Amino acid sequence: MIEALRKKAEELLRSNTVNVVFGYGEGSTPERTRPVFITKPEDVNKLTWNQYCVYNLTTYLKRQETRKLGKPAIIVKGCDAKTVIVLIKESQIKREDVYILGVTCQGVGEPLAVKCKACDVHTPRIYDDLVGEKVENKELSFDERYAELDEYEKMSEKGKWEFWQKQFEKCIKCYACSNICPLCFCDRCIVEKNQPQWIDPSAHARGNLSWNVTRAYHLAGRCINCEECQRVCPADIPLNLLNKKLAKEAEKNFNYRPGYNIDDELAMSTYNAKDNQDFVK
Amino acid sequence: MEKRLNKKDFDNFITSLRGKGYKTIAPKKDNNLIVLDEVQGGGEISLDHVITNNSIKEFFFPKTEKVLSYRMEKNNVQIEEPEDFAVKSVIFGSRPCDAFSLPVMDKVFNWDCSDKFWVQRREAVTIVTIACDKCDTYCFCTSVGLAPDAKGGSDVLFTKISGDDYVVETVTEKGESLIKEFEGVFSDPLSEASDRQVATVEKKFEIEKVKSWLDENFVHTVWTDFSLKCIGCGACTFVCPTCHCFDIVDECTMTKGDRVKNWDGCQFKMFTMHTSGHNPRSTQGERWRQRIMHKFKYYVEKFDSILCVGCGRCSRVCPADMNISEMLEIIATEASQPGNKE
């Protein structure tokens, strides 16, 4: 699989189909990989593929430094590919400006990432080329897809409030969660605006609550569950629990799953008289 | 002064400290993290880790703190300053790298003005360090002039010997008087010298070469190349025991408010953004260069100290696996190969 990836990357660079390949390279330890940006065909040996390729590389589609490298081919797992669909739908990239190099995946992380336990996209749903043997994607029921919320939803309202207060207390406001998020693409985040100051920048109870809740709300009906926010949090806050809960509500209310079909209309920015809320009518 | 203490008596030490009104802070487990935090007894203390996830700095320079409150009435402004922020405490079981960050940071917090929050807390807190008996691939204290059993910044140093015994050495007068105050807790040192269990931390680069290369290479492709994967968050600076940048904000209504000091970091795009919209460090490469230059050139020139203790936390938490010792190895190698300059 690694050889096939390298060969494909080399081909794309040699033929000038793309200027750069966003992929995975060896990391600081054998249990870690890191993003690499290959611009020369002779460097494709830096690419690797293994169970530690947890990153969602589509976040580099938003960063000015990596955009400058020219047209990218981007290596995506099934979950990451959903981001590309959302980014296209939200007019952040044009379909023809990115070469999607899909890889089939049986799960990443050690221990296995939570998202992988309920994976229904072992084979990406969008790609220009696919590396790895095609795996039939499982159809999972609504309940199966949101099973990780079962324990959380059993908590009382008071219990949930106390749980999040305790979690947010740990937040150090490093903003790794939003900087890593491929769908947090605003050039200037609301937390950086101070006239008016919508969100207290201080890492105290009020500031941390307003930041974390606002971040999650901005992803409602958009988050594709790559879990990157949670992976990178140095304070070990289970941020994806919030995202997942909001995704569940969005799906329940709008019958919409972000990133699954490029023809679907977006939940949050599409008017539909059939929506079940009165205010849209 | 040298004493001895067995692990089973750590609880006695902590309880005795608390009995005399000391706040006790030590490494303890919190889900997947090991954090320096307040402990009520020795049973809570974690010893089986390389280093705590949080650094020692937050006990002197917290992530957020009110520096004053104000109230405006007509032409009159009333200011209220916080008191009692320096609590008599013992930090027990911090690592030698963390302890060493304190004298390094003393220099900047006592520079053109004396930061009373830092200074008073430094006086109120006694540092009892435990030497590292293990390390990991991210540790590089020996490359920046320290050691897993370095004494600088500690008031007392514990070093593991056979069994669960620790040699207890006082380093400063403050440490000496602390151990004297609780003399009953400790045993006498063994008559024969015993093997100390201290980690072997591999030296990764020659720090002198780093400085001389930085002097010549403000402009170099390595800055952009290395930082391409950087996502521009502040995780590295916030977990760093020596990063000390902060921002001041007013949290206020029309007539009253709090002036608050918050951690800030040079890796954020907004950090150097001018009101005009111009940003003198407009790319991540420039921001990454700043982090390295500040630690290994500017601070050295200004205060004669390296602003890095080799704890490796920045590399452990980096969402994109940016590894600072790898950067420094690249620089030291470049320095050994003259002619590579851009």
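Residues numbered from 1 in each chain as written. Chains lettered and ligands numbered in written order. Predicted model: local features only at pLDDT ≥ 70, side-chain atom pairs only at ≥ 80, totals over all residues. Heavy atoms only, no water.

Details of the pattern of salt bridges
Right, so step 1: For the structure on display, the rule yields 51 salt bridges over all chains.
Right, so step 2: In this structure, D187 of chain A engages K269 of chain B in a salt bridge whose closest nitrogen and oxygen atoms are separated by 3.3 Å. Note that D187 of chain A is positioned in the loop between α8 (176-180) and α9 (205-217) and K269 of chain B in the loop between β11 (256-263) and α8 (284-303), a pairing that runs across two chains.
Right, so step 3: A relative accessible area of 27% means that K269 of chain B is categorised as partly exposed.
Right, so step 4: We note a salt bridge from E81 of chain B to K116 of chain B, for which the minimum N-O separation is 2.6 Å. In this pair, E81 of chain B is assigned in the loop between β5 (76-80) and β6 (89-94) and K116 of chain B in helix α3 (residues 116-124), connecting sequence segments 35 residues apart.
Right, so step 5: Here E81 of chain B falls in the partly exposed class, since its relative accessible area comes to 45%.
Right, so step 6: Since its relative accessible area comes to 28%, K116 of chain B is described here as partly exposed.
Right, so step 7: Ionic contacts of the salt-bridge type, sharing partners, join the residues E153, K245, K248, E249 and K252 of chain A into one network. (Salt bridge = Lys/Arg side-chain N within 4 Å of Asp/Glu carboxyl O. Helix = DSSP H or I, 4+ residues; strand = E, 2+ residues; numbered from the N terminus. Buried < 20%, exposed > 50% of the residue type's maximum accessible area, 1.4 Å probe, protein only.)

Some points on the environment of C184 of chain A
All names here are of chain A.
Right, so step 1: Positionally, C184 belongs in the loop between α8 and α9.
Right, so step 2: The spacing of C184 and K94 is 90 residues in sequence and 18 Å in space, taken between C-alpha atoms.
Right, so step 3: In this view, C184 contacts K62 and S178; residues no more than four positions away in its chain are not counted. (Contact = heavy atoms within 4.5 Å.)

Points about the pairing of strand β2 (residues 23-30) of chain B
Residue and element names in this part refer to chain B.
Right, so step 1: Bridge count between β2 and β6: three bridges; the pairing is parallel. Residue pairing across strands places K23 opposite S89, the latter belonging to β6.
Right, so step 2: Two strands pair when backbone bridges link them, and β2 and strand β3 (residues 33-38) are joined in this way by six bridges, in the antiparallel orientation. The residue of β3 that forms the bridge with K28 is V35. (Pairing = 2+ DSSP bridges.)

Notes on α8 of chain B
Given 3.6 residues per helical turn, the α-helix brings residues three or four places apart onto the same face.
Residue and element names in this part refer to chain B.
Right, so step 1: Taking 1.5 Å per residue, 20 residues should reach 28 Å; α8 reaches 26 Å between its end C-alpha atoms and fits that length.
Right, so step 2: Residue H294 marks the point of greatest curvature in α8, where the axis turns by about 55°.
Right, so step 3: The buried fraction of α8 is high, at 14 of 20 residues. (Expected span 1.5 Å × (residues − 1). Bend = angle between axes of the 7 residues up to and from the residue.)

A closer look at empty space enclosed by the protein
Residues and elements named next belong to chain A.
Right, so step 1: Scanning the entire structure with this criterion turns up seven cavities of 30 Å³ or more.
Right, so step 2: Considering the residues around the largest cavity, the lining is formed by 24 residues, among which K82, I224, N225, K244 and Y260 are closest to the centre.
Right, so step 3: For the lining of the largest cavity, the elements supplying multiple residues, two or more each, are α3 (78-89), α4 (114-117) and α11 (239-254).
Right, so step 4: When the residues that make up the lining of the largest cavity are grouped by side-chain class, the tally is 13 nonpolar, four polar and seven charged. (1 Å grid on protein atoms, 1.4 Å probe; cavity = no way out; pocket = protein on both sides within 12 Å on 5 of 7 lines; lining within 4 Å. Points joined across faces, edges and corners; volume = space filled by probe spheres on them. Nonpolar A, V, L, I, M, F, W, Y, C, P; charged D, E, K, R; others polar.)

Here's the deal with the sheet that holds strand β2 (residues 33-38) of chain A
All names here are of chain A.
Right, so step 1: With mixed pairing, five strands are arranged side by side in an open sheet as β2-β1-β3-β4-β5. Among the strands making up the open sheet, the edge pair consists of β2 and β5 (129-131). Taking each pair of neighbouring strands and ignoring which way they run, the sheet shows an average axis angle of 30°.
Right, so step 2: Here strand β1 (residues 20-26) runs beside strand β3 (residues 72-76); their pairing, made up of three bridges, is parallel. Of the residues in β3, the one forming a bridge with V21 is A73.
Right, so step 3: Each of β1, β3 and β4 (99-103) touches α3; the most contacted strand, β3, lies at about 135° to it. (Axes fitted to C-alpha atoms, helices over the stretch in contact; angles between N-to-C directions.)

Structural notes on the packing of α8 of chain B against helix α10 (residues 324-335) of chain B
All names here are of chain B.
Right, so step 1: Running from amino to carboxyl end, α8 crosses α10 at an angle of 75°, the nearest separation of the two axes being 12 Å. Between α8 and α10, the interaxial angle falls into the category roughly perpendicular. Residues W288, R291, I292, K295 and F296 of α8 form the contact with α10, whose participating residues are I324, M327, L328 and I331.
Right, so step 2: Here the contact of α8 with α10 is composed, by residue class, of seven nonpolar, no polar and two charged. (Parallel < 35°, antiparallel > 145°, perpendicular 65-115°, else oblique.)

What to know about the interface of chain B and chain A
Right, so step 1: With 39 residues of chain B in contact, the opposing surface of chain A contributes 41 residues.
Right, so step 2: Roughly 3000 Å² of surface becomes buried between chain B and chain A when both sides are summed, with 51% attributable to carbon and sulfur atoms.
Right, so step 3: Broken down residue by residue, the surface that chain B buries against chain A is led by K63, L228 and I231 of chain B, which jointly contribute 20%.
Right, so step 4: Applying the counting criterion to the chain B and chain A interface returns six salt bridges.
Right, so step 5: Listing elements by their share of the side of chain B that touches chain A, those giving two or more residues are α7 (235-239), β10 (246-252), β11, α8 and α9 (313-317) of chain B.
Right, so step 6: Residue composition of the side of chain B that touches chain A, grouped by class: 18 nonpolar, twelve polar and nine charged. (Buried area = accessible area lost by both parts, 1.4 Å probe.)

Structural notes on helix α7 (residues 157-169) of chain A
All names here are of chain A.
Right, so step 1: When the terminal C-alpha atoms of α7 are compared, their 18 Å separation across 13 residues agrees well with the 18 Å that a helix rising 1.5 Å per residue should span.
Right, so step 2: Taken together, the buried positions of α7 are K160, W164, Q167 and F168. Taken around the axis of α7, the buried residues stretch over an arc of 90°, which confines them to a single face. Residues of α7 that are exposed and point more than 90 degrees away from the buried face comprise K158, K166 and E169.
Right, so step 3: Buried-residue contacts for α7 involve α6 (150-154), α9 and α11. (Arc of directions from axis to C-beta.)

What about the nonpolar core?
Residues and elements named next belong to chain B.
Right, so step 1: Counting 131 residues, the largest nonpolar core has W223, I292 and F296 as the members making the most contacts within it.
Right, so step 2: Aside from chain neighbours lying at most four places away, what touches W223 is W213, L214, N217, F218, G285, W288, R289, I292, M293, M327 and I331.
Right, so step 3: Membership of the second largest hydrophobic core comes to 22 residues, among which are F10, L17, Y166 and V185. (Core = buried A, V, L, I, M, F, W, Y, C linked by side-chain atoms within 4.5 Å.)

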